[in-house]
Amino acid sequence: MPKRLVKVSIAYCAECGYEPQTLALTEALMKEFRHELSEIELIPWYEGSFDVTVDGELVHSMFRDGGFADHHAVIAAVRRHQAEAPEPAQGQAPTTTAR
Amino acid sequence: MAVTRERFEQGMTYDQYKAQMTRNRERFEENERAFQPTAEDLAAFTALPHSLPVLVLAEDWCGDVIDNLPLLGRLAQESGKLDVRIFLRDQNLDIMDQFLNQGQYRSIPVFAFFDDQLNELGRFIERPESVTQRRDAKRREVFAEHPELGSPDTPITQMSEEARTQLMQLLASWRAEQKPAENAEVVRALRAIVERVPA
């Protein structure tokens, strides 16, 4: 079964000098997943932000969790989302698991 | 670990700091030009009995440095009573770690005021708490007035691009309008430190 293509969004404070941490995480994701991501989105923001979302799930927030995202934790979150069943194509019934 | 006179004098002067900036110099100097201290504010610094050493930690990429260091620079230039020496934070962590925000964070700018014996009189870190609170209150007000933006607690990465763009534009215009009031808060905080110096 092909892996789901996952989107990662990184909102970083563009007036806080967070570019190195943002680019380091981006590079880590690019090297780990290559074509297995649908998108890596970089969002310049402010107010000290460093938020990482994987397919809509907030996996790291500097405000909530403190500090920058651990690369291994983000990679694990991507893998978890990849393992979820892909959305059915139009016209097909959703995949169900027999009980 | 105190800051010695020898260490203090290793710092850049204000003009040397500006000369070594590799980014944001135009914004920095615009803030310097636009700052209009009141006569009363300036008098608080001019009236100092002697020049005070002021140690600064800064970096040219930091928004709070760009906002607030120009104010200190103008006050120093116009009063002639502040001997400002500036250290780049990331190259001077030995100094930075003596002025941690809440004992934990390497926040900048730091403006540390000393007497002539280099005993600390007080410090200013990052921005006044009143400014932080006002910005947060405005952010919540914007969300309340624009329900299409969703919840103020929604992470930026979970907002649509349209909503993010709208929010950024609303907050950016407000922050520009607030600059004089925020500058006044900064000067108030600095005055509170220097007014401790006996006449």
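Residues numbered from 1 in each chain as written. Chains lettered and ligands numbered in written order. Predicted model: local features only at pLDDT ≥ 70, side-chain atom pairs only at ≥ 80, totals over all residues.

K.L.:
Would you take a moment to explain the overall build of chain B for this structure?
P.N.:
The number of helices and strands found in chain B is eight helices and four strands. Ordering the α and β elements of chain B from the N terminus gives α-α-α-α-β-α-β-α-β-β-α-α. Taking the principal axes of the C-alpha coordinates as reference, chain B spans close to 55 × 35 × 30 Å. Put simply, chain B has 199 residues, and 29% of those count as buried. Long-range contacts, defined as pairs at least 24 residues apart, comprise 77% of the intrachain contacts of chain B with a sequence gap of at least 6. (Helix = DSSP H or I, 4+ residues; strand = E, 2+ residues; numbered from the N terminus. Buried ≥ 20, exposed ≤ 12 C-beta atoms within 10 Å, placed from the backbone. Contact = placed C-beta atoms within 7 Å.)

K.L.:
Help me understand the overall build of chain A in this model?
P.N.:
For chain A, the count of helices and strands is three helices and four strands. Relative to its full complement of 99 residues, chain A shows a buried share of 26%. Counting contacts in chain A only where the partners sit at least 6 residues apart, residues at least 24 apart contribute 63% of the total.

K.L.:
Help me understand the pairing of strand β2 (residues 37-45) of chain A in this model?
P.N.:
Note on strand geometry: in a regular strand, side chains alternate between the two faces of the sheet. Residue and element names in this part refer to chain A. Relative to β2, strand β1 (residues 6-13) is paired through eight bridges, and the arrangement is parallel. Residue Cys-13 lies in a different strand from β2, and its bridge partner there is Trp-45. Tracing the backbone out of β1, into helix α1 (residues 19-33) and back to the parallel element β2 gives a crossover that is right-handed. (Pairing = 2+ DSSP bridges. Right-handed = clockwise from strand over helix to strand, strands pointing away.)

K.L.:
Quick question: what am I supposed to make of the sheet that holds strand β2 (residues 82-88) of chain B here?
P.N.:
Hydrogen bonding along the main chain pairs the strands of a sheet, whether they run parallel or antiparallel. All names here are of chain B. Judged by pairing direction, the sheet is mixed, and its four strands sit side by side in the order β2-β1-β3-β4 without closing on themselves. Where the open sheet ends on each side, the last strands, each with one partner, are β2 and β4 (120-125). Direction aside, neighbouring strands of the sheet carry axes that sit 20 degrees apart on average. Relative to β2, strand β1 (residues 52-58) is paired through seven bridges, and the arrangement is parallel. Residue pairing across strands places Pro-53 opposite Asp-83, the latter belonging to β2. Together, β1, β2 and β3 (110-114) form the strand contacts of helix α5 (residues 63-79), whose direction differs from that of β2 by roughly 150 degrees. Sheet strands touched by helix α8 (residues 161-194): β1, β3 and β4. Its angle to β4, the strand with the most contacts, is close to 170 degrees. (Axes fitted to C-alpha atoms, helices over the stretch in contact; angles between N-to-C directions.)

K.L.:
What am I meant to see in the nonpolar core here?
P.N.:
A general trend in soluble globular proteins is that nonpolar side chains are found buried together. Membership of the largest hydrophobic core comes to 59 residues, with the highest contact counts inside it found for Val74(A), Val56(B), Ala58(B) and Leu190(B). Broken down by element, this core gets its largest block of residues, seven residues, from α5(B). When near neighbours in sequence (up to four residues on either side) are disregarded, Val74(A) contacts Leu25(A), Leu29(A), Val52(A), Val54(A), Val59(A), His60(A) and Ala69(A). (Core = buried A, V, L, I, M, F, W, Y, C linked by C-beta atoms within 7 Å.)

K.L.:
Would you take a moment to explain α8(B) for this structure?
P.N.:
Structurally, the α-helix is built with 3.6 residues per turn, so residues lying three or four positions apart point the same way. All names here are of chain B. Relative to the 50 Å expected for 34 residues at 1.5 Å per residue, α8 spans 46 Å between its end C-alpha atoms, a close match to the ideal helical length. A maximum bend of about 50 degrees is found in α8 at Lys-179, where proline Pro-180 lies one to four positions downstream. Buried residues along α8 sit in contact with α4 (39-46), β1, α5, β3, β4 and α7 (129-145). (Expected span 1.5 Å × (residues − 1). Bend = angle between axes of the 7 residues up to and from the residue.)

K.L.:
I would appreciate a short explanation of the environment of Ala189(B) in the present structure.
P.N.:
All names here are of chain B. Relative to the helices and strands, Ala-189 resides in helix α8. Exposure remark for Ala-189: the 20 C-beta atoms within 10 Å place this residue in the buried category. For the pair formed by Ala-189 and Phe-124, sequence separation is 65 residues and the distance between their alpha carbons is 7.3 Å. Those residues in contact with Ala-189, other than ones at most four positions away along the chain, are Phe-124 and Pro-128.

K.L.:
What is the right way to read the pairing of β1(B) from this model?
P.N.:
Residue and element names in this part refer to chain B. Of all seven residues in β1, seven are buried; the element is thus mostly enclosed. Of the crossover connections in this fold, the one passing from β1 over α5 to the parallel β2 is right-handed. In this structure, β1 lies alongside β3, joined through four bridges in antiparallel fashion. Note that in β3 the partner of Leu-55 across the bridge is Ala-112.

K.L.:
For this particular structure, what's the right way to read the domain arrangement of chain B?
P.N.:
Note on interface size: it is often stated as the accessible area lost on association of the parts. Under the domain assignment used here, chain B contains domain 1 (5-126 + 186-194) and domain 2 (130-173). Here the C-alpha centroids of domain 1 of chain B and domain 2 of chain B sit 31 Å apart. (Domains from an automatic or database assignment.)

K.L.:
Hey, could you run me through the environment of Asp90(B) in this one?
P.N.:
Summarising the element assignment, Asp90(B) is placed in the loop between β2 and α6 (93-96). Separated by 33 residues in sequence, Asp90(B) and Leu57(B) have C-alpha atoms that sit 9.1 Å apart.

K.L.:
Even after reading the chapter, I still don't get the sheet that holds β2(A), so can you show me in this structure?
P.N.:
Residues and elements named next belong to chain A. Strand order in the open sheet made by the four strands is β2-β1-β3-β4, with mixed pairing throughout. Lying at the two open borders of the sheet, with one neighbouring strand each, are β2 and β4 (57-61). On average, each strand axis in the sheet is inclined to that of its neighbour by 15 degrees, with strand direction left out of account. The pairing of β1 with strand β3 (residues 50-54) spans five bridges and is antiparallel.

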